[in-house]
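As a plain string of letters, each chain reads:
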Amino acid sequence: DTGVSQDPRHKITKRGQNVTFRCDPISEHNRLYWYRQTLGQGPEFLTYFQNEAQLEKSRLLSDRFSAERPKGSFSTLEIQRTEQGDSAMYLCASSLRNTEAFFGQGTRLTVV
Amino acid sequence: DQQVKQNSPSLSVQEGRISILNCDYTNSMFDYFLWYKKYPAEGPTFLISISSIKDKNEDGRFTVFLNKSAKHLSLHIVPSQPGDSAVYFCAASSTNNAGNMLTFGGGTRLMVKP
């Protein structure tokens, strides 16, 4: 399978816990994006990387959210001190420069 | 401020007929537009795109039309098939913004009845 892979598919966590999600992009893609989708809405851009450089992070929802792509391959998105409002689908996408983005299947986070 | 809007939350069409999904945008800097299709519990799947230098792009049963003066685009599916039933998202980006960040509409749920 050469598509975008996300792990885990589902995560249930207690309020206040930290969670980390992983994304493996399509191997030759140099751009990697994180989006969040809540019920009934379209995906909302959070941040993006070109290779290992995080070039846009102003859309991260709060300072509890952080993302890394240490070697320009896989990426992680961490949410610290989770809140119930963080419950959503977290989507990762990858692309080559100036081409369409391909999405993974997402990680559904439920904060209880 | 919603820069990309899909005003119809749902659309029901008979199999074999045409489905027309609409999308409006407000940001005149957008110059690249895409449609994605999403099934439940899956990520969005790229369907078709159009650059602002064109007014039409066709791929099989799918055609996207762009009216820049009206800041409006539409997706036509002909003929519609039951397997087309999904949520369709319109998205837009500007090649001037770093990274081709996509701004999505809220989606239209298409139901194709056999």
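In this text the structure is predicted, and so the values were computed from the model without any measurement. (Residues numbered from 1 in each chain as written. Chains lettered and ligands numbered in written order. Predicted model: local features only at pLDDT ≥ 70, side-chain atom pairs only at ≥ 80, totals over all residues. Heavy atoms only, no water.)

Q: Report on a nonpolar patch on the surface, specifying residues and quantitative values.
A: All names here are of chain B. Taken together, the side chains of Ile18, Ile20 and Val78 make up a nonpolar region of the molecular surface, amounting to roughly 220 Å² of accessible area. With respect to the helices and strands, valine 78 occurs in the loop between strand 8 (72-77) and strand 9 (86-93). Under the relative-accessibility criterion, valine 78 is labelled partly exposed at 41%. (Patch = residues over 30% accessible without salt bridge, like charges linked within 9 Å, V, L, I, M, F, W, Y side chains within 5 Å. Areas by Shrake-Rupley, 256 points an atom, 1.4 Å probe, with all protein chains shown as cover. Salt bridge = Lys/Arg side-chain N within 4 Å of Asp/Glu carboxyl O. Helix = DSSP H or I, 4+ residues; strand = E, 2+ residues; numbered from the N terminus. Buried < 20%, exposed > 50% of the residue type's maximum accessible area, 1.4 Å probe, protein only.)

Q: So what's going on with the pattern of salt bridges? Which residues, and what values?
A: Applying the stated criterion across every chain yields a total of five salt bridges over all chains. Among the salt bridges present, the one from aspartate 24 of chain A reaches arginine 22 of chain A, with a minimum N-O distance of 2.8 Å. Given the relative accessible area of 27%, aspartate 24 of chain A is considered partly exposed. Residue classification places arginine 22 of chain A among the partly exposed positions, given a relative accessible area of 34%. A salt bridge links aspartate 84 of chain B to arginine 61 of chain B; its shortest N-O distance comes to 2.8 Å. Of the two residues, aspartate 84 of chain B is situated in the loop between strand 8 and strand 9 and arginine 61 of chain B in the loop between strand 6 (56-59) and strand 7 (62-67); the sequence distance between them amounts to 23 residues. Assessed through its relative accessible area of 21%, arginine 61 of chain B is described here as partly exposed. Linked through salt bridges whose partners overlap, the residues forming this network are Arg64, Glu83 and Asp86 of chain A.

Nothing here speaks to function; it is geometry throughout.
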